[in-house]
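Summary of the model geometry
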There are 2 protein chains.
Amino acid sequence: MAIKIARRGAGRARLCAIIAYQKAAQDHAMYADHVMLNDGVRLERFRAALRARVRPGDVVLDAGTGSGVLAVMAAQAGAARVYAVEKRGIVNLARSVARANGCEDRIEFLRGDFLSLRLPERVDGAVCELLGYAGLAEGITRAMPRIIERHLKSGAWFIPRALRTFAAAVRHPALHERLMLSCASCCGVDLSPALHEITQNYWVESLAGADIVCGPAPVFEVNWAAPPPCPPVNEPARMRVTRADTVHGFGVWFEADLAPGVRLDTAPDAPLTSWRQVFFPLPDPLSVRQGDELLFSLTPLPMAEGDLFHWRTVLVRDGRTLFESAHSNALTSKNMDAFEEPGIR
Amino acid sequence: MAIKIARRGAGRARLCAIIAYQKAAQDHAMYADHVMLNDGVRLERFRAALRARVRPGDVVLDAGTGSGVLAVMAAQAGAARVYAVEKRGIVNLARSVARANGCEDRIEFLRGDFLSLRLPERVDGAVCELLGYAGLAEGITRAMPRIIERHLKSGAWFIPRALRTFAAAVRHPALHERLMLSCASCCGVDLSPALHEITQNYWVESLAGADIVCGPAPVFEVNWAAPPPCPPVNEPARMRVTRADTVHGFGVWFEADLAPGVRLDTAPDAPLTSWRQVFFPLPDPLSVRQGDELLFSLTPLPMAEGDLFHWRTVLVRDGRTLFESAHSNALTSKNMDAFEEPGIR
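No experiment lies behind these values; they were computed from the predicted model shown. In this convention, every chain numbers its residues from 1, walking through the sequence in written order. Here every chain gets a letter starting at A, and every ligand a number starting at 1, in the order they are written. Selection of residues for local features in this predicted model requires a pLDDT of at least 70, selection of side-chain atom pairs for listing and counting requires 80 or more, and totals for whole chains, interfaces and linings are taken over all residues. Note that water and hydrogens are dropped before the side-chain values are worked out from all heavy atoms of the structure.

Observations regarding the overall build of chain A
- For chain A, the helix and strand inventory stands at ten helices and 15 strands.
- Three labels apply to residues, based on accessible area from a 1.4 Å probe with only protein chains included: buried if under 20% of the type maximum, exposed if over 50%, partly exposed otherwise in between. For chain A, the proportion of its 345 residues judged to be buried stands at 60%.
- The contact definition used throughout considers only heavy atoms, calling two residues in contact when any of these lie within 4.5 Å. Of the contacts formed within chain A by residues at least 6 apart in sequence, a portion of 71% connects residues at least 24 apart.
- Using a 1.4 Å probe, accessible areas were evaluated by the Shrake-Rupley method; residue-level cover was limited to the displayed protein chains. If you sum the accessible surface of chain A, you get close to 13200 Å²; carbon and sulfur atoms cover 51% of it. Put simply, DSSP marks the helices as runs of H or I at least four residues long and the strands as runs of E at least two long, and each gets a number from the N terminus on.

Structure representation (structure tokens):
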């Protein structure tokens, strides 16, 4: 293989692309928490929001406290009591973090699911950082209305208040080539079924503003702070092409209004966060012309933790649909287990 | 935050380190399979081993077939029949891969656990690619004797035949600093309990031969092809320091003998694979002198899928133990669930 790689020339460089995927192969929860603890933008934005919101004496819910950092920040911001709820074993680390910061007497850790457990009282405010990829992949749209209804006093504050997810058509030949299994041809096995599966997944990547062909346009918006009822707005992003170009997929990111004047922005050229951007690859690069309209819809499926999506892309030229594709990660090998009884064929 | 980062100078660069962890936050099984499909070294080595081993007409077991590539390679190498066993939903992708390669009539896919299921017959040979990080983290040491005992004819071949895991003391200040939460100081929260937890985990990294202070030395060896009984050899790696230096942790990797003359080597300067190397960080950098002896032991714990370890480091100078530390990822937040009943405190 070493020889083959040398002959192929670009082989070594391609192998380096493995690194970009390697971490993902880690089944190591601490990695995920490490990512978030190492994301200074995330920490600072949530800290600013808590400082803006917590009034001295407030009783606060930290829904899904993880390593406990936001619960500590709420206590530091003046909360009299924080209910920090977490269903994973990391709640034990969170207790240690509270102790190290001298606020274990003001944080009550509860092991369980904040969607179903009963707090001893309704609270003055809540923070919930279930913001996953594309803003939607950790189920915040399911969680936030439940938190408001189940745990908050009337008029209580909550973080985040609103969420907007954007989509843009992206030109990125290197990324597309890397995803499409550049090694597939060197092992003598036809991997085209796996290539299909790749386009039924979203991929966390770092995109740049310069990669954008057209857009961004909103594809999902919800404002929990608006007077009810305020259903989410979930309509296709519509983008007009302004120059002939090639589209390899769609980039998606979000911005969350955490508190008045405090926004978390994960757009391509905003300060880098652990969310980066997500990329939904097209099976084949798509040639577009000036005046074309591109549509991208992203529908969270009401199951699992929120990371299942249906998405659709449409290219319209002169009023005619030239290209259309529908995708869903609910039917990839990862998620097939949800639809099948395990057992021997 | 953008301003703060600019003031801190190195902040932006540090934030870039987030990327190295980001992929891990992905709970996306396709990523892991994509990694492996994109690892040309892995594919070529296993293909060479199968070509060396499969005789025309052989009945073969692919234990844990994943995306089905090795089962297809076994069929291409001349197997009359391949039993491809997989417990995850990806077996559906594997069936498609077999179909695309025109060998679906020679591969029988079985959904289940090859440790417990019963095959219709004993087989002439088996391939099992449960080689996880450090060679040990996917449970091959538990699987291989069971495969040999349960599924193979007497005298059958199997891949791999032997496994050796090595450890070396490593100097890597940048890696150590990155792992130790460089952002911890910018959020006003004392994260020292999380720092402790980081040293109770292993981290997948790319190390270079030049990072090695002393070693490598074997820390785990097993040869399934030797006449029984052949228990694994699991003794501390012993390394003599040849120059004064600083040790930030221990690097660990493996080599597997796949077939006579076919070896998979994941050492630091070998061709890059998806396994890279793993790094076990020390809590604090350790100063060593010429003549010191370093010991590193790595004990797989007999539970889970094989990714739980106990490890110990010792520094001996002039016959006296100067430093000693014991670690285990069985007690990190990821794995605490195995030891606790979930429920509300």
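Things to note about the packing of aromatic side chains
Residues and elements named next belong to chain A.
- Here a Phe, Tyr or Trp ring, Trp counted by its six-membered ring, pairs with any other such ring whose centre lies within 6.5 Å, and the pair is stacked when the planes are under 30 degrees apart, edge-to-face when over 60, and tilted otherwise. Tallied over the entire structure, the rule returns twelve aromatic pairs over all chains.
- On the basis of an interplanar angle of 90° and a centroid distance of 5.4 Å, the ring pair of phenylalanine 254 and tryptophan 275 is categorised as edge-to-face. With a gap of 21 residues between them, phenylalanine 254 in strand S10 (residues 245-259) and tryptophan 275 in the loop between strand S11 (262-265) and strand S12 (277-288) connect regions that are remote in the sequence. The burial state of phenylalanine 254 is the same as that of tryptophan 275; both residues are buried.
- Through a chain of ring-to-ring contacts, three or more aromatic side chains come together here, namely Tyr202, Phe250, Phe280, Phe296, Phe309 and Trp311.

A short note on the nonpolar core
- Note on terminology: a nonpolar core comprises buried Ala, Val, Leu, Ile, Met, Phe, Trp, Tyr and Cys residues joined through side-chain atoms within 4.5 Å. Ile107, Leu294 and Phe296 of chain B are the most contacted members of the largest nonpolar core, which totals 106 residues.
- Each residue touching isoleucine 107 of chain B, except ones within four places of it in the same chain, is listed here: Ala71, Val72, Ala75, Val82, Ala84 and Ala98 of chain B.
- Ranked by size, the runner-up nonpolar core spans 105 residues in total, among them Val41, Val123 and Ala137 of chain A together with Leu179 of chain B.

Details of the pattern of salt bridges
Residues and elements named next belong to chain A.
- Salt bridges are identified by distance alone: a Lys or Arg side-chain nitrogen within 4 Å of an Asp or Glu carboxyl oxygen. If you walk through the whole model with that rule in mind, you get 34 salt bridges over all chains.
- Here arginine 164 ties to aspartate 257 by a salt bridge, and the two come within 2.9 Å at their closest N and O atoms. Of this pair, arginine 164 sits in strand S6 (residues 162-170) while aspartate 257 sits in strand S10, and the two are 93 residues apart along the sequence.
- A residue is classified by how much of its surface remains accessible, and arginine 164, at 15% relative accessible area, is buried.

A closer look at the sheet that holds strand S2 (residues 81-86) of chain B
All names here are of chain B.
- Judged by pairing direction, the sheet is parallel, and its five strands sit side by side in the order S3-S2-S1-S4-S5 without closing on themselves. A single partner strand is all that each edge strand has here, and the edge strands are strand S3 (107-111) and strand S5 (152-159). The average undirected angle you get between the axes of adjacent strands in this sheet is 20°.
- Where helix H6 (residues 91-100) meets the sheet, its contacts fall on S2 and S3, and the angle it forms with S3 comes to roughly 175°. Any two strands are treated as partners once DSSP identifies two or more bridges connecting them. The angle between two axes is taken between their N-to-C directions and runs from 0 to 180 degrees, where each axis is a line fitted to C-alpha atoms and a helix contributes only its stretch in contact.

Section: a positive patch on the surface
All names here are of chain B.
- Patch membership requires over 30% relative accessible area and the absence of a salt bridge. Like charges are linked within 9 Å, and nonpolar side chains (Val, Leu, Ile, Met, Phe, Trp, Tyr) within 5 Å. Two residue types count as positive, namely Lys and Arg, and two as negative, namely Asp and Glu; His and chain ends fall outside the count. A charged residue contributes its charge at one atom only: NZ of Lys, CZ of Arg, CG of Asp or CD of Glu. Taken together, Arg118, Arg142, Arg146 and Arg150 make up a surface patch of like positive charges.
- Mapped onto the elements of the fold, arginine 118 is located in the loop between S3 and strand S4 (123-127).
- Residue classification places arginine 118 among the exposed residues on the basis of a relative accessible area of 71%.

Some remarks on the domain arrangement of chain A
Residues and elements named next belong to chain A.
- Each domain span listed reflects an automatic or database assignment of domains. Parsing chain A into structural domains produces domain 1 (39-129) and domain 2 (162-338).
- One C-alpha centre belongs to domain 1, the other to domain 2; they are set 32 Å apart.
- In this assembly, eleven residues from domain 1 lie in contact with twelve residues from domain 2.
- Take the accessible area each of two parts loses on contact, using a 1.4 Å probe, and add the two losses: that sum is the buried area. Carbon and sulfur atoms supply 70% of the area that domain 1 and domain 2 bury against each other, a total of about 880 Å² over both sides.
- Broken down residue by residue, the surface that domain 1 buries against domain 2 is led by Asp39, Val41 and Arg45, which jointly contribute 46%.

Considerations on helix H5 (residues 69-76) of chain A
- With respect to burial, H5 of chain A is a largely interior element, seven of its eight residues being buried.
- Listed as buried for H5 of chain A are Val69, Leu70, Ala71, Val72, Met73, Ala74 and Ala75 of chain A.

As for unusual backbone geometry
- Between isoleucine 159 of chain B and proline 160 of chain B the backbone carries a cis peptide bond, its omega angle lying at 0°.
- Relative to the elements of secondary structure, proline 160 of chain B occurs in the loop between S5 and strand S6 (162-170).
- The amide bond that connects glycine 215 of chain B to the next residue, proline 216 of chain B, takes the cis arrangement and shows omega of 0°.
- Assignment of secondary structure puts proline 216 of chain B in strand S8 (residues 212-223).
- Non-glycine residue arginine 276 of chain A carries a positive phi angle of around 45°.
- Looking at where arginine 276 of chain A falls in the secondary structure, it is placed in the loop between S11 and S12.
- For arginine 276 of chain A, a relative accessible area of 6% puts it in the buried group.
- For aspartate 318 of chain B, which is not glycine, the phi dihedral falls at a positive 50°.
- As for its position among the elements, aspartate 318 of chain B is in the loop between strand S14 (309-317) and strand S15 (320-328).
- Under the relative-accessibility criterion, aspartate 318 of chain B is labelled exposed at 74%.

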